[in-house]
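Descriptive analysis of the structure
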Amino acid sequence: TAQWWTRFDDPTLTSLIEQGLNHNYDLAMALRRIEVSRLSMKSAQAGYYPKVGVSAGWTKERSSGLLNGPNGRGRNSSYFDIGASLSWEIDLFGRINSQVKEKKAELRATRAEAEGVRLSVAAEIATQYIQIRTWQAELAIARNHIARQEKVVKITEARKEAGLGSGLEVAQAKVVYYSTQASIPILENSIATGINSLSVLVGEFPPAVKASLTDDYQLPSYLHIIDPGTPRDLLRRRPDIIQASEELSAQVEAVGIAKKDFLPTLTINGQIGTGAHRMNDLFHSQSLTYSIEPTISWTIFDGFSRKYNVAIARQQLESQVENYNLTALTAVEEVENALSSYQASVEHIKTIEQVIVQADKSLEFSVDLYKRGLNPFTDVVSAQLNCLEYQEEAVEAKGQALNYLITLYKALGGGWQ
């Protein structure tokens, strides 16, 4: 199912989808979310390393002399200092490692989400393209019938002039003729608005898209051999299932992080620097200062806040499990529904094509009998309307079958590796 759109053997469709996958703004925003998630993972990985800072300054201060007695005198002092500090949390119980794993799972989920957007964009472009082609086919059918109906109008007018027909027959023929003409502007407007919608999907202005959608076309073949595989295949293929799986993995790590808050933390803090009253003495051996402070901190009681945080994380984990199960079941349902609808539409097309053959014969026979005065003109009107209706129904059925096929490819998770 990779690049399933190429199986329609339609260069225009393939070109539009490839253009959309490069310029669609929904997909571009999804790719930005991947980058944000990747940077979040890098931020979590920064916890493996110590934090180092430097400082430099000058201090001038005065101490109160009265603090040392009623006759004490204040003291003024000033000094320069330069120093560096270090703070390093040792990942003694794997809390930082769990945070990194959580962010990695979120990154994989975001990538799967982007692939889901990519799949949806390709399907939406294909669906809109098929809809436009269906309208164009209906427009061609309407124009063809207008030409045929115009000939029937001329026949009724000729029979009236010869005294063999009536004005009623002429009026009935023109009703059919003008009603078909009335459908032309509606179809042309549908095509124009459809091209505008397609332009948004491919990230291009309408004139450029319209130029590629000429009237020289055919609807792609709707007959494809599909192997839906097994539900297990869907678990590996569908982006939304993979996204749900990675979100579940991230929540598992979140539970672990909440539990590790009950454990102590080991932090090493250190400082080194120099201090002197005169700047020239800053690098004298006697001006050196330093300290190192390994610290173990352990929260004994916090009003059961950590207990509730673990409970919240577990509830969110259960919710993610239910979301994963629902996503998997929904995927199977979508595949089964799309496959059933596609198969039914193919059978419908086979039957309607037989109806069209008979409708064409009925129109031909009714016109011939009317011209010989053996049948009333109402039979011709009925045959004209039936022929137009069934041909339009056949085109719509083929477009619907192609849409079901697109839905099936999307439900199968096709179009990405």
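This text follows the structure it describes.
Below is a short write-up of the structure. Sequence order sets the numbering: in each chain, residues are counted from 1 along the sequence as written. Two thresholds apply to this predicted model, a pLDDT of at least 70 for residue-level local features and 80 or more for giving and counting side-chain atom pairs, whereas whole-chain, interface and lining totals are computed over all residues. Excluded from the side-chain calculations are hydrogens and water; all other atoms, namely the structure's heavy atoms, are used.

**Structural notes on the packing of aromatic side chains**
Two rings from Phe, Tyr or Trp (for Trp, the six-membered ring) form a pair when their centres are within 6.5 Å of each other. A pair whose planes differ by under 30 degrees is stacked, one over 60 is edge-to-face, and the rest are tilted. Per the stated rule, a full pass over the model turns up 8 aromatic pairs. When the centroid spacing of 6.3 Å and the interplanar angle of 80° are considered together, the rings of Phe8 and Tyr409 count as edge-to-face. Taken together, the positions of Phe8 in the segment before helix H1 (11-23) and Tyr409 in helix H9 (residues 377-411) put the pair 401 residues apart, joining distant regions of the chain. Tyr409 matches Phe8 in its accessibility class, with the two residues each being buried. Note on Phe301 and Phe304: the rings are 5.6 Å apart at their centroids and 85° apart in plane angle, and the pair reads as edge-to-face. Exposed residues in this analysis have more than 50% of their type's maximum accessible area, buried residues have under 20%, and partly exposed residues fall in between, with area computed by a 1.4 Å probe over protein chains only. Under the relative-accessibility criterion, Phe301 is labelled exposed at 60%. Of the aromatic side chains, those joined through ring pairs into one cluster are Trp4, Trp5, Phe8 and Tyr409. We note Arg159 situated over the ring of Tyr370; from NZ or CZ to the ring centre the distance is 4.5 Å. Look at NZ for Lys and CZ for Arg. If either is within 6 Å of the ring centre and within 35 degrees of the ring normal, a charge sits over the ring. Sitting over the ring of Phe304, Lys307 keeps its end group 5.7 Å from the ring centre. Helix and strand assignments come from DSSP, with helices taken as H or I runs of at least 4 residues and strands as E runs of at least 2, each series counted from the N terminus.

**As for the sheet that holds strand S2 (residues 75-90)**
Criterion used throughout: strands pair if DSSP finds at least two bridges between them. The antiparallel open sheet is built from 4 strands, whose spatial order is S1-S2-S3-S4. A single partner strand is all that each edge strand has here, and the edge strands are strand S1 (51-63) and strand S4 (288-297). Strand-to-strand twist across the sheet, computed as the mean angle between neighbouring axes with direction ignored, equals 20°. Note: S1 against S2, 13 bridges, orientation antiparallel. Along S2, the bridge assignment pairs Arg62 with Asn76. Helix axes are fitted to C-alpha atoms over the stretch in contact, other axes to C-alpha atoms as well, and angles between N-to-C directions run from 0 to 180 degrees.

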